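Structural features, examined
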Amino acid sequence: MKKFFLFMALVVFLGGVALAQEDITPVATVNGMIITSRDLDIYSRLSYILFMVKQADESFYNALVSTKEGVAFIREYQKLKLAELVDRMLLKQWANMRGIIVDEKKIAESVESELFKVLEQQGIGTKELETYAALQGYGSTEELKEGLVKEQVYRAYLMKVFDYVTSSATVTTEEIDKYYNEHKEEFYEPSKVHVMAVKTPSKKMAEAALEDIRNGVDFEEVAKKYSVLSKVDLGWKTKDEIENEMAAEALFLASKGAVLGPYEVENGWMIYKLLGRRSERQLTPEEARAKIVGKLLDVKRRDLWNKWYDNEFTKFKERSVVETVF
């Protein structure tokens, strides 16, 4: 009921906000392409922010909307969000000039599909979605979808441009060897145990499972009968990856083949069988290679991106014809 009244208050509030939901008045042009007032409204969600401020502190809200300083602050926020939209459009334009294209129709279809999949899974109907859209600061479900699509399109362009700009990043064998020799302390594998497990929802079932094991029933057969886990073999685990602290200590001291438990864990009880144990060891250069390559590539890509942004993209912005209302 509280949520309903909050929603109704928002509907009334949004209805009185001067920013028209369908306003297509240009607020900026970027190399001839228009950003509308509606685009800015959807991106900034100013109506929603002001509504939430009013709910939290009405006197602060009144100061924001009725004083010269408050209005100037709101205007600066709009100016900041508009500058972000301009940069997003410039990124898309730069990408398109180099043949980088994003299939916006496909993204829209994907957003639509995923949204309705979530609605179906959660049992949410059209009316509830309208309410959710309003509570998130959108004038309609169409605006919500539009906001989601535009965000996904921007991210897709950002990723494609990043890949394009950083495609020349490479790592040599010499660089890998040098990093390994200078940072050997980073490449240790902690002690691990290889375990199988049976998890039961109750201690009584765990005790029955343990009794079967002690009577010679194969561990995997016991797991099929009692366990709620999807698999028996849990693989290699560090101490921190064992749920119960006492079980972890016992497993790292036990002999191969030992069956331990039951131990209480979240939502049940565990019985473990120790299949093997590995001591802490230094990884070989080959074993550490993938991690080193990832680290070095991250650094080189970041450097290439920063260099591109500070030089080429900044120059592109300076050459661009951008006009804004702020």
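Cut-offs used in this document
- Residues numbered from 1 in each chain as written.
- Predicted model: local features only at pLDDT ≥ 70, side-chain atom pairs only at ≥ 80, totals over all residues.
- Heavy atoms only, no water.
- Helix = DSSP H or I, 4+ residues; strand = E, 2+ residues; numbered from the N terminus.
- Buried < 20%, exposed > 50% of the residue type's maximum accessible area, 1.4 Å probe, protein only.
- Contact = heavy atoms within 4.5 Å.
- Expected span 1.5 Å × (residues − 1).
- Core = buried A, V, L, I, M, F, W, Y, C linked by side-chain atoms within 4.5 Å.
- Axes fitted to C-alpha atoms, helices over the stretch in contact; angles between N-to-C directions.
- Parallel < 35°, antiparallel > 145°, perpendicular 65-115°, else oblique.
- Pairing = 2+ DSSP bridges.
- Phe/Tyr/Trp six-rings, centres within 6.5 Å; stacked < 30°, edge-to-face > 60°.
- pLDDT = per-residue confidence, 0-100.

With that out of the way, let us pick up the side chain of Ser-44. Relative to the assigned elements, Ser-44 resides in helix H2 (residues 37-44). Residue classification places Ser-44 among the buried positions, given a relative accessible area of 3%. Setting aside residues no more than four positions away along its own chain, Ser-44 makes contact with Ile-49, Tyr-77 and Lys-81.

With 25 residues, helix H8 (residues 141-165) should reach 36 Å at 1.5 Å per residue; the first-to-last C-alpha distance of 36 Å fits that figure. Looking only at H8, the buried set comprises Thr-141, Glu-143, Leu-144, Lys-145, Gly-147, Val-149, Val-153, Tyr-157, Val-161 and Val-165. Where the residues of H8 are buried, they touch H2, helix H5 (68-97), helix H6 (104-122), helix H7 (126-135) and helix H13 (285-319).

Membership of the largest hydrophobic core comes to 27 residues, with the highest contact counts inside it found for Ile-35, Trp-94, Val-161 and Trp-308. Mapped onto this core, the elements with two or more residues apiece are strand S1 (26-30), H2, H5, H6, H8 and H13. No other element matches the eight residues that H5 contributes to this core. In this structure Ile-35 touches Thr-25, Pro-26, Val-27, Ala-28, Val-30, Leu-82, Leu-85, Val-86 and Met-89, once residues within four positions along its chain are discounted.

Time to look at the packing of helix H3 (residues 46-56) against helix H4 (residues 58-66). Viewed as axis vectors pointing N to C, H3 and H4 meet at an angle of 140°, and their least axial separation amounts to 5 Å. With respect to H4, the element H3 is oriented oblique. Together, Leu-50, Val-53, Lys-54 and Ala-56 of H3 and Glu-58, Phe-60, Tyr-61, Leu-64 and Val-65 of H4 make up the contact between the two elements.

As a general point, the strands of a sheet are linked pairwise by backbone hydrogen bonds and lie either parallel or antiparallel. Taken in spatial order, the four strands line up as S5-S4-S7-S6 in an open sheet, and their pairing is antiparallel. On the outer flanks of this sheet lie strand S5 (233-237) and strand S6 (259-265), each paired with one strand and no other. Between one strand and the next, the sheet's axes are offset by a mean angle of 35°, whatever the strand orientation. Sheet analysis places S6 next to strand S7 (residues 268-278), joined by five bridges and oriented antiparallel. Looking across to S7, one finds that Glu-264 is bridged to Trp-269. Where helix H11 (residues 219-226) meets the sheet, it contacts strand S4 (192-200), S6 and S7, and its direction lies at approximately 40° from that of S4.

Another aspect to go through is the packing of aromatic side chains. Under the criterion given, the structure shown has 11 aromatic pairs. Judged by centre distance (6.3 Å) and plane angle (65°), the rings of Tyr-179 and Phe-187 are edge-to-face. Neither residue differs from the other here; Tyr-179 and Phe-187 are each classed as buried. Centroid distance Phe-313 to Phe-316: 6.4 Å. Interplanar angle 35°. Geometry classified as tilted. Placement of the pair is Phe-313 and Phe-316 together in helix H13, with a separation of three residues, close to one helical turn. Summarising the burial analysis for this pair, Phe-313 and Phe-316 share the class buried. Ring-pair connections join several aromatic residues into one group, and the members of that group are Trp-94, Phe-162, Tyr-164, Trp-305, Trp-308, Tyr-309, Phe-313 and Phe-316.

The sheet built from three strands is open, its strands ordered S2-S1-S9 with antiparallel pairing. The open sheet has two edge strands, strand S2 (33-36) and strand S9 (322-324), and neither has a second partner. Sheet twist, expressed as the average angle between the axes of neighbouring strands with direction ignored, equals 20°. The sheet contact formed by S1 and S2 spans four bridges and is antiparallel. Across the sheet, the residue bridging to Pro-26 is Thr-36, located in S2. Packed on one face of the sheet, H2 meets S1 and S2 and runs near 55° to S2.

In this model, the chain carries a mean pLDDT of 89, and residues with pLDDT of at least 70 account for 93%. Throughout residues 1-21 the model reports pLDDT below 50, and contacts reaching past four residues in sequence, or to other chains, amount to 29 contacts.

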